[in-house]
Amino acid sequence: MDEKRIENAVSEIISAIGEDPTREGLVETPARVAKMYTEIFSSLSDEPSDFDNFKVFHEDESPEMVLVQQIPFYSMCEHHFLPFFGVANVAYIPNNGEVIGISKIPRLVDYVAKKPGMQERITNDILSEMERILHPKGVAVSLSARHMCMEMRGINKSELSTYTSKFSGEFANNLDLKTEFLRQTGH
Ligand SMILES: Nc1nc2c(ncn2[C@@H]2O[C@H](COP(=O)(O)OP(=O)(O)OP(=O)(O)O)[C@@H](O)[C@H]2O)c(=O)[nH]1
Ligand SMILES: [Zn+2]
């Protein structure tokens, strides 16, 4: 990420809105924003290979469903560059007893969220990355999020919650499994 260009651009925005980029409170703002962008858009710089070598464990007595729920995430909407944030629920049905360390699931959610995006795409990307990494028998993903571009501008509706979900394999074909996922996650 080109921090110097971000700094110059932010300085230009500060001037363009009629503020003084040299006043004390703002003088370091362009550098702060540049540093912040490298953090909140970190997956634009990360190598996808970081996510290729999740260790897969073989567990003969693996459960039918593994569900990690209420995973907090923060992302930036690509339309307005304002935050949207909420929680993700991710479940999978192991194939041949193959499981991953459960901490890798929140890591994956973070990775997918830390770039300009849309809620639907995050939902989709979590599901397709789970399939690519693990080839499970099924994946279920749901996200509930608040979008600042609907709350602090535009239609100005506070605390709207947007829900998205995607199901594959056995979750798509077996109503009992889908119902168990939805019941567990409170939907
Ligand atoms: N589907 C989807 N839409 C989103 C998401 N985040 C923001 N949006 C919407 O993207 C749309 C962008 O539409 P535009 O009409 O080009 O932008 P706008 O004039 O600023 O729209 P308003 O927000 O309605 O004022 C808006 O309706 C936003 O609510 C998201 O994650 N998914
Ligand atoms: Zn937006």
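For the protein chain, the name recorded in an unreviewed UniProt entry is GTP cyclohydrolase 1, with Paucilactobacillus oligofermentans DSM 15707 = LMG 22743 as its organism. The Sequence similarities (unreviewed entry) field of the UniProt record for the protein chain holds the comment "Belongs to the GTP cyclohydrolase I family."

## Some remarks on the domain arrangement of the protein chain
Assigned domains within the protein chain: domain 1 (3–40) and domain 2 (55–184). The gap between the C-alpha centroids of domain 1 and domain 2 is 33 Å.

## Focus on the site of ligand 1
Close to ligand 1 lie Cys 77, His 79, Met 118, Gln 119, Glu 120, His 147, Cys 149, Met 150, Gly 154 and Ile 155. Every element with two or more residues in the shell around ligand 1 is listed here: α4 (119–134) and α5 (148–151). The residue makeup of the shell around ligand 1, split by class, is five nonpolar, four polar and one charged.

## Digging into the UniProt feature "binding site: Zn(2+)" (unreviewed entry) in the protein chain
The UniProt entry lists Cys 77, His 80 and Cys 149 under the feature "binding site: Zn(2+)" (unreviewed entry), expressed in the numbering used here. Annotated residues spanning 73 residues; largest pairwise C-alpha distance 7.9 Å, indicating a single compact cluster. If you trace the backbone, Cys 77 turns up in strand β2 (residues 66–77). Looking at Cys 77, the number of C-beta atoms within 10 Å reads 18, which means it is partly exposed. Topologically, Cys 149 is positioned in helix α5. For Cys 149, a count of 16 C-beta atoms within 10 Å gives the class partly exposed.

Conventions adopted
Note that residues are indexed from 1 along each chain, following the sequence as it is written. In the order they appear in the text, chains get letters beginning with A and ligands get numbers beginning with 1. It should be noted that, the model being predicted, local features are given only for residues of pLDDT at least 70 and side-chain atom pairs only at 80 or more, the latter also being counted only at that level, while totals for whole chains, interfaces and linings use all residues. UniProt positions are given in the numbering used here, feature names are shortened, and annotations may be inferred rather than shown by experiment. The start and end points of each domain follow an automatic or database-based domain assignment. Think of it this way: take the backbone, place a C-beta atom on it, and check whether that atom is within 6 Å of the molecule or strand, in which case the residue is near it. In DSSP terms, a helix is any run of H or I states spanning at least four residues, a strand is any run of E spanning at least two, and both are numbered starting from the N terminus. Amino acids outside the nonpolar list (Ala, Val, Leu, Ile, Met, Phe, Trp, Tyr, Cys, Pro) and the charged list (Asp, Glu, Lys, Arg) are all regarded as polar, and Gly is one of them. Counts of 20 or more other C-beta atoms within 10 Å of a residue's own C-beta define buried residues, counts of 12 or fewer define exposed ones, and intermediate counts define partly exposed ones; C-beta atoms are placed from the backbone.

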